[in-house]
Amino acid sequence: MSQMNSTRLLPIQFFLLGIPGLEHLYLYLAFVFTVVYITSLIGNFTLLFIIRIDRSLHQPMYFFLCMLSSIDLALSSSTTPKMLGIFWLNSHEIYSEACLTQMFFLHSCAIMESALLLAMAFDRYVAICNPLRYASILTKWLITHIGMLTVSRAVALMTPLPFLIKKLPFCSANIIHHCYCEHMAVVKLACADTTFNNIYGIVVALFIVGLDLMFIIYSYVLILRAVFRLSSKEARFKALGTCASHIVAILTFYIPVVLSSVVHRFGKMVPIHIHILMANVYLMLPPLLNPIVYGAKTQQIRNRVKSIF
């Protein structure tokens, strides 16, 4: 009876294996990940600071950018410190409650980032297709409610995950073949039927990526149609130039997601360390590149950065 009861409980600790097969490269990976993480922190905090102090940047696009930077900071900080602990200090253990908390914030932030990219696509659509009504449509009230809806949707979709995992029986396995507590990596350890957990994860992923990406693509179809109606080539380039940073942000976020998902589902012969490295790229690339891309494309931000540094 006691043995049956023990299988109904989560292990006290999980063991994050890291990146199997690349143990000999841990110091190099630790150095690269540390540089990427510190650069991400500096870039996003600098972006938030500049937008905060420069009143000329108190516009809808930059409010959305502030939200995006905040989510990027939370996304990278939910996983990277523990990964660095594995690579630098050989610290593989993580308490089960901390593991579930990390999982919740990791997936919630990814959902929020997808929603913010959709909101920024809507911002570009209004700016190009309805420029005279831009200020009247994208009011502070609407921006605030978009932010609240972004957070609410992520929390509503991710709150069931920890509870679903707590209901699973775990026998003796507690070794997670990953650098962090990713949902499916933890579910695989359960010694029971996990069909519902698998379906829930797939449905949420398809719902988020599919729905958000579909609306983003639709927004850009309308944008391109409006741009090519402009009479001068200079006006077309200027209009498309305002979308360049956002397009790069979309590609940076969605391409690693799609590639990682395809490799995970169909790349049975791909080594596990490739799967894990691609998952790490998906988490670390957007927080690194977004402030660099937006900083490089926005003259006010570039000038502020020069004056600060």
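Residues numbered from 1 in each chain as written. Predicted model: local features only at pLDDT ≥ 70, side-chain atom pairs only at ≥ 80, totals over all residues. Heavy atoms only, no water.

If you check an unreviewed UniProt entry, the protein appears there as Olfactory receptor from Eleutherodactylus coqui. According to the UniProt record, the Function (unreviewed entry) comment for the protein reads "Odorant receptor." (UniProt positions renumbered as here; feature names shortened; annotations may be inferred.)

Engineer: Describe in detail the overall build of the protein, supporting the description with residues and values.
Structural biologist: From N to C terminus, the protein includes 12 helices and 3 strands. In summary, the protein has a C-alpha radius of gyration of 21 Å against a globular reference of 19 Å for 309 residues, a match within 12%. The principal-axis extent of the C-alpha atoms belonging to the protein is close to 75 × 40 × 40 Å. When contacts within the protein are restricted to residue pairs at least 6 apart in sequence, those whose partners lie at least 24 apart make up 80%. Within the structure as shown, the protein displays about 16000 Å² of accessible surface, and the carbon and sulfur contribution to it stands at 70%. In the protein, which carries 22 positive and 11 negative side-chain charges, the distance between the mean positions of the two groups comes to 11 Å. (Helix = DSSP H or I, 4+ residues; strand = E, 2+ residues; numbered from the N terminus. Rg over C-alpha atoms; globule rule 2.2 N^0.38 Å. Contact = heavy atoms within 4.5 Å. Areas by Shrake-Rupley, 256 points an atom, 1.4 Å probe, with all protein chains shown as cover. Lys, Arg positive; Asp, Glu negative; His and termini not counted. Charge placed at Lys NZ, Arg CZ, Asp CG, Glu CD.)

Engineer: Residues and numbers for the UniProt feature "transmembrane region" (unreviewed entry) in the protein, please.
Structural biologist: According to UniProt, the positions carrying the feature "transmembrane region" (unreviewed entry) are residues 25–50, 62–80, 100–122, 142–165, 199–227, 239–260 and 272–296. For residues 25–50, the helix share is 96%, the strand share is 0%, and the end-to-end C-alpha distance is 37 Å. Segment residues 62–80 splits into 100% helix and 0% strand. End C-alpha atoms: 26 Å apart.

Engineer: Give me the side chain of D72: which residues, what numbers.
Structural biologist: Tracing the chain through its elements places D72 in helix α3 (residues 60–89). It is R153 that comes nearest to the buried, bridge-free D72 among opposite-charge side chains, at 14 Å. With residues up to four places along the chain from it excluded, the contact list for D72 reads N44, E113, P286, P287 and N290. (Buried < 20%, exposed > 50% of the residue type's maximum accessible area, 1.4 Å probe, protein only. Salt bridge = Lys/Arg side-chain N within 4 Å of Asp/Glu carboxyl O.)

Engineer: With reference to specific residues and values, describe the packing of aromatic side chains.
Structural biologist: A complete count under the given rule lists 8 aromatic pairs for this structure. Here F253 and Y254 contribute two aromatic rings whose centre-to-centre distance is 5.0 Å and whose plane-to-plane angle is 85 degrees, an arrangement assigned as edge-to-face. Both residues of the pair, F253 and Y254, count as buried. Through a chain of ring-to-ring contacts, the aromatic side chains of Y26, F33 and F87 assemble into a single cluster. (Phe/Tyr/Trp six-rings, centres within 6.5 Å; stacked < 30°, edge-to-face > 60°.)

Engineer: Give a detailed account of the pairing of strand β1 (residues 13–16), specifying residues and quantitative values.
Structural biologist: Burial of β1 is one-sided: the residues F14 and L16 facing one way are buried, the residues Q13 and F15 facing the other way are not. Bridge count for β1 against strand β2 (residues 93–95) is 3 bridges, and the pairing is antiparallel. Bridge pairing links Q13 to Y95 in β2. Where β1 meets strand β3 (residues 175–176), 2 bridges bridge the pair, whose relative direction is parallel. Bridged to L16 within β3 is I176. (Pairing = 2+ DSSP bridges.)

Engineer: Help me get a handle on the nonpolar core, residues and values and all.
Structural biologist: With 89 residues, the main nonpolar core has F14, L65, F87, F170, I176 and V186 as its most contacted residues. In contact with I176, other than residues within four places in its own chain, are F14, F15, L16, L17, C99, C181, A185, V186 and L189. (Core = buried A, V, L, I, M, F, W, Y, C linked by side-chain atoms within 4.5 Å.)

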